[in-house]
Amino acid sequence: MYTLKRIWLQKDPEVFLQWQKLITHAGLAVGEEVAYTVGIFDQQTLIATASCYANIIKYVVVCEKKRSEQLLTQLISHLSDHIKDEGYTKSFVYTAPKNRLFFESLGFREVLAAQDILFMEQGVPSYESYAQQLQRQRIGQNNGAIVMNANPFTKGHLYLVETAASQKEQVYVFVLSEDRSQFSASERLQMVTEGVAHLSNVTVLPTNNYLVSSAVFPSYFLKEQAPEAIAKKQAAFDATLFKEKIAPLLAITTRFVGSEPYSPVTQLYNEAMAAVFSPELKLIVIDRLKINQSTVSATKVRKAIAEKDLPSLQQFLPETTFTFLMQHNYI
């Protein structure tokens, strides 16, 4: 008789070692974020496991000797119920392409298949609805794109957008929808929208879960804590998703990014995009804006906010962002 129960990886060293052995034997790298893990045990032996972070299912493994016993169904059904209990209306899963039919039988749909990764989703809103939203915004045939967190929107971000807008018929600015920053997704979207309102050929869009999110690129939010090998793989996957699933919908031929002197993970992302995009898409790297010999960065702005340093904020922020911060009592 098998037992399914929650695993506390950080509190049970003995079970963690079993979990680690099962994961690495399956060819997976330990180090990705997980918040909830379950296992199926044959007495005291772990024979199957699955985890999730938010609504993303990962680390789904059944030991080779037990793969004919429908343990995957038990694991995924349990995690799907847990994700729904947490208030999510959709879930994602990374898996091997060989598992496609199994996950399709549970109602999952392919978002992207790339190399040895199959990325699928279940529930609403779906990628199809997001794609339709993007297609309604399509203007022109030779467009540019920028993806930014804008935490908050600075003069550096504005300089990047204005530079792109001067070179392309239409520029789409994607603002991260992930709520893992000091400012919420809705606040950041508002700051960017207000900051670029004077540019008639710029459209601001949310990323939903399909660009630089916990679903496709969780290492982005871990910064220097992210294992490099995992970050590289995720960055390449995110770049592939943009190239194959987003860019064609909006006739995007060029992605604009800022140079990255501070964050190794962001620099790694820029390198991954350059490798994945070529030759179909062009990647243009714009040198960071400097004001009085000081490079503008959102990190410096957040420090200035914490210190109530109004002169620095007025130096580094567009008037629209400064006004937003004042109106929302951030300064």
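For the protein, the name recorded in an unreviewed UniProt entry is [Citrate [pro-3S]-lyase] ligase, with Enterococcus innesii as its organism. Turning to the protein, the UniProt record has this under Function (unreviewed entry): "Acetylation of prosthetic group (2-(5''-phosphoribosyl)-3'-dephosphocoenzyme-A) of the gamma subunit of citrate lyase." Its UniProt record, at the heading Catalytic activity (unreviewed entry), says of the protein: "holo-[citrate lyase ACP] + acetate + ATP = acetyl-[citrate lyase ACP] + AMP + diphosphate".

S.K.: I'd love a proper account of the pairing of strand 11 (residues 252-258), names of residues and values included.
M.R.: Looking down a regular strand, the side chains alternate between one sheet face and the other. Counting buried residues in strand 11 gives five out of seven residues, a clear majority hidden from the surface. As defined by bridge partners, strand 8 (residues 143-148) adjoins strand 11 across three bridges and the pair is classed as parallel. By the bridge assignment, Asn143 is partnered in strand 11 with Ile252. Of the crossover connections in this fold, the one passing from strand 11 over helix 8 (residues 264-277) to the parallel strand 12 (residues 282-286) is right-handed.

S.K.: Before we move on, can you summarise unusual backbone geometry with the specific residues and values?
M.R.: Here Val124 and Pro125 are connected by a cis peptide whose omega angle stands at -5 degrees. Position of Pro125 relative to the elements: it lies in the loop between strand 7 (117-123) and helix 4 (127-135). At the junction of Ser278 and Pro279, the peptide bond is cis and its omega measures out at 0 degrees in the coordinates. With respect to the element layout, Pro279 can be found in the loop between helix 8 and strand 12. Backbone geometry places Asn208, a non-glycine residue, at a positive phi of 50 degrees. In this fold, Asn208 is placed in the loop between strand 10 (202-206) and helix 7 (228-246). For Asn208, a relative accessible area of 23% corresponds to the partly exposed category. Phi is positive for Val212, which is not a glycine, with a value near 40 degrees.

S.K.: Explain the packing of helix 7 against helix 8 to me, and be specific about the residues and the numbers.
M.R.: Put simply, helix 7 and helix 8 touch, their axes get as near as 8 Å, and they point 45 degrees apart. When the axes of helix 7 and helix 8 are compared, the pair comes out oblique. Crossing of helix 7 over helix 8 shows right-handed handedness. Contacts from Glu228, Ala231, Lys232, Ala235, Ala236, Asp238, Ala239, Thr240, Phe242 and Lys243 of helix 7 reach helix 8 at Leu268, Tyr269, Ala272, Met273, Val276 and Phe277.

S.K.: If you had to explain the packing of aromatic side chains to someone new, which residues and values would you point to?
M.R.: Tallied over the full model, the rule gives 16 aromatic pairs. Taken together, a centroid distance of 5.0 Å and an interplanar angle of 80 degrees make the contact between Phe102 and Phe103 edge-to-face. Classification of Phe103 by relative accessible area gives buried; the value is 1%. Ring centres of Tyr130 and Tyr210 lie 5.3 Å apart, and the angle between their planes is 25 degrees; on these two criteria the pair is classed as stacked. Here the residue Tyr130 occupies a position in helix 4, and Tyr210 occupies one in the loop between strand 10 and helix 7, the gap between them amounting to 80 residues. Each member of the pair, Tyr130 as well as Tyr210, is classed as buried. Positioned above the aromatic ring of Phe41, the side-chain terminus of Lys5 is 4.7 Å from the ring centre. Directly above the aromatic system of Phe242 lies the positively charged group of Arg255, at a separation of 4.5 Å from the ring centroid.

S.K.: If you had to explain the sheet that holds strand 4 (residues 56-62) to someone new, which residues and values would you point to?
M.R.: Strand order in this open sheet of seven strands is 1-2-3-4-5-7-6, and the pairing throughout is mixed. The strands lining the two open edges of the sheet, one partner per strand, are strand 1 (2-7) and strand 6 (109-114). With strand direction ignored, the average angle separating the axes of adjacent strands in the sheet is 20 degrees. Here strand 3 (residues 45-53) runs beside strand 4; their pairing, made up of five bridges, is antiparallel. Considered in strand 4, the bridge of Thr49 is made with Val61.

Analysis parameters
- Residue numbering note: each chain is counted from 1, following its sequence as written.
- Only residues with pLDDT of at least 70 are given local features in this predicted model, and only at 80 or more are side-chain atom pairs given and counted; all residues enter the totals for whole chains, interfaces and linings.
- Hydrogens and water molecules were not included; the side-chain quantities draw on all heavy atoms of the structure.
- UniProt positions are given in the numbering used here, feature names are shortened, and annotations may be inferred rather than shown by experiment.
- Only protein chains enter the accessibility calculation, which uses a 1.4 Å probe. A residue is then buried if its area is under 20% of the maximum for its type, exposed if over 50%, and partly exposed in between.
- The secondary structure listing takes helices from DSSP runs of H or I that are at least 4 residues long and strands from runs of E that are at least 2 residues long, numbered from the N terminus.
- Pairs of strands are assigned from DSSP output, requiring at least two bridges between the strands.
- The handedness rule is simple: strands pointing away from the viewer, and a clockwise path from the first strand over the helix to the second, make the crossover right-handed.
- Axis angles are defined between N-to-C directions and span 0 to 180 degrees, where every axis is a line fitted to C-alpha atoms and, for a helix, only to the segment in contact.
- Roughly parallel covers angles under 35 degrees, roughly antiparallel covers those over 145, roughly perpendicular covers 65 to 115, and oblique covers all other angles.
- In this scheme the crossing of two helices becomes right-handed for a clockwise turn of the near helix relative to the far one and left-handed for an anticlockwise turn of less than a right angle.
- We call two residues contacting when some pair of their heavy atoms lies within 4.5 Å.
- Any two rings among Phe, Tyr and Trp, with Trp reduced to its six-membered ring, count as a pair given centres within 6.5 Å; such a pair is stacked if its planes are under 30 degrees apart, edge-to-face if over 60, and tilted if neither.
- For a Lys NZ or an Arg CZ to count as sitting over a ring, it must be within 6 Å of the ring centre and within 35 degrees of the ring normal.

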